[in-house]
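# A look at the structure
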Amino acid sequence: MKKIILFLLIALLLYIAFDLYGEQILSTINSFFEKEPPKSDEELINERIDEFLYCYNSGDFDGAVECFDKKTRNTLKSTLNVTKTALGAFSGCHPIIGMTSSLNYADLFGMSVGMVSDGDLLKFEDRKITLNDSEAYVNAKMLYNTEYYSQEIDDTIIVMKREKGNWYISNIKNK
């Protein structure tokens, strides 16, 4: 008899819970079991290029650099740090103790992007992706626009590399 009463109490509690919170409970259960299908390589590549363009066009230098593969990213950062140190020494802007330098390339980049264009400075149009195992080549038309001039460079190639299940820019060059 105790088992039947316990069973009925549990059933009643479940009925009340589903009556009050049924939609949320079912939504939670569905989201647990339904996972989004993995994105295709083409989707991941286009997302990375779009992220790079968003960061570049908004003046976010560090965000744009993060869109590159690890080797290229480290090379860019090292080159810019050496250049920053050399420019600081050459210009007489010596760092204050505890500071790295008074010249900040990320700030200079953000300032220059904001000064030369109100709209998108850089665009890649007509993208065509060719995939290999660990590399991809994106043929695109690059457009570079400022308030003062517009330049269209055809046959730009964006070289992409796969790293840890995602795609990163390795190089952007003219064909």
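This text follows the structure it describes.
Everything numeric in this text was worked out from a predicted model, so none of it was measured. (Residues numbered from 1 in each chain as written. Predicted model: local features only at pLDDT ≥ 70, side-chain atom pairs only at ≥ 80, totals over all residues. Heavy atoms only, no water.)

## Describing the environment of E163
We apply this condition: Numbering of helices and strands starts at the N terminus; helices are DSSP runs of H or I of at least 4 residues and strands are runs of E of at least 2. Working rule for contacts: check all heavy atoms of both residues, and any pair within 4.5 Å makes them a contact.
Relative to the helices and strands, E163 is located in strand β3 (residues 150-163). Once you skip the residues sitting within four places of it in the chain, E163 turns out to touch D69, K70 and Y168.

## Here we look at the pattern of salt bridges
In plain terms, the rule: For this document, the term salt bridge refers to a Lys or Arg side-chain nitrogen within 4 Å of an Asp or Glu carboxyl oxygen. A simple rule labels every residue: compare its accessible area, found with a 1.4 Å probe on the protein chains alone, to the largest value its type can have, and call it buried under 20%, exposed over 50%, or partly exposed in between.
For the structure shown, the criterion picks out six salt bridges. Taking the shortest distance from any N to any O, the salt bridge between D41 and R162 comes out at 3.2 Å. Residue D41 is located in helix α2 (residues 41-57), and its partner R162 is located in strand β3; the two are separated by 121 residues in the primary sequence. What makes D41 partly exposed here is its relative accessible area of 22%. Classification of R162 by relative accessible area gives partly exposed; the value is 33%. Salt-bridge contacts for R127 lead to D50; the nearest nitrogen and oxygen are separated by 2.8 Å. Here D50 lies in helix α2 and R127 lies in strand β1 (residues 122-131), a separation of 77 residues in the sequence. A relative accessible area of 24% places R127 in the partly exposed class. Judged by its relative accessible area of 41%, D50 falls in the partly exposed class. Residues joined in a network through salt bridges with shared partners are E66, R73 and K77.

## What about the pairing of strand β4 (residues 166-174)?
Worth spelling out the cut-off: Note: two strands are recorded as paired if DSSP finds a minimum of 2 bridges between them.
As paired strands, β3 and β4 are joined by eight bridges and run antiparallel to one another. For E163, the partnering residue across the bridge sits in β4 and is N166.

## What about the pairing of strand β2 (residues 135-145)?
Two strands pair when backbone bridges link them, and β1 and β2 are joined in this way by eight bridges, in the antiparallel orientation. If you follow I129 over to β2, its bridge partner there is V138. Linking β1 to β2, which pair antiparallel, is a turn of three residues. Judged from the 10 bridges that link them, β2 and β3 form a sheet pairing that is antiparallel. By the bridge assignment, N145 is partnered in β3 with S150.

## Observations regarding the sheet that holds β4
Cut-off, in case you're wondering: Fitted lines through C-alpha atoms serve as axes, helices being fitted only where they are in contact, and the angles separating the N-to-C directions of these axes extend from 0 to 180 degrees.
Pairing is antiparallel in the open sheet, where four strands are placed in the order β1-β2-β3-β4. Looking at which strands have only one partner, the edges of the open sheet turn out to be β1 and β4. Pairs of neighbouring strands in the sheet enclose a mean axial angle of 25 degrees, with direction left out of account. Taken strand by strand, α2 contacts β1, β2, β3 and β4, and its axis lies near 160 degrees from that of β1.

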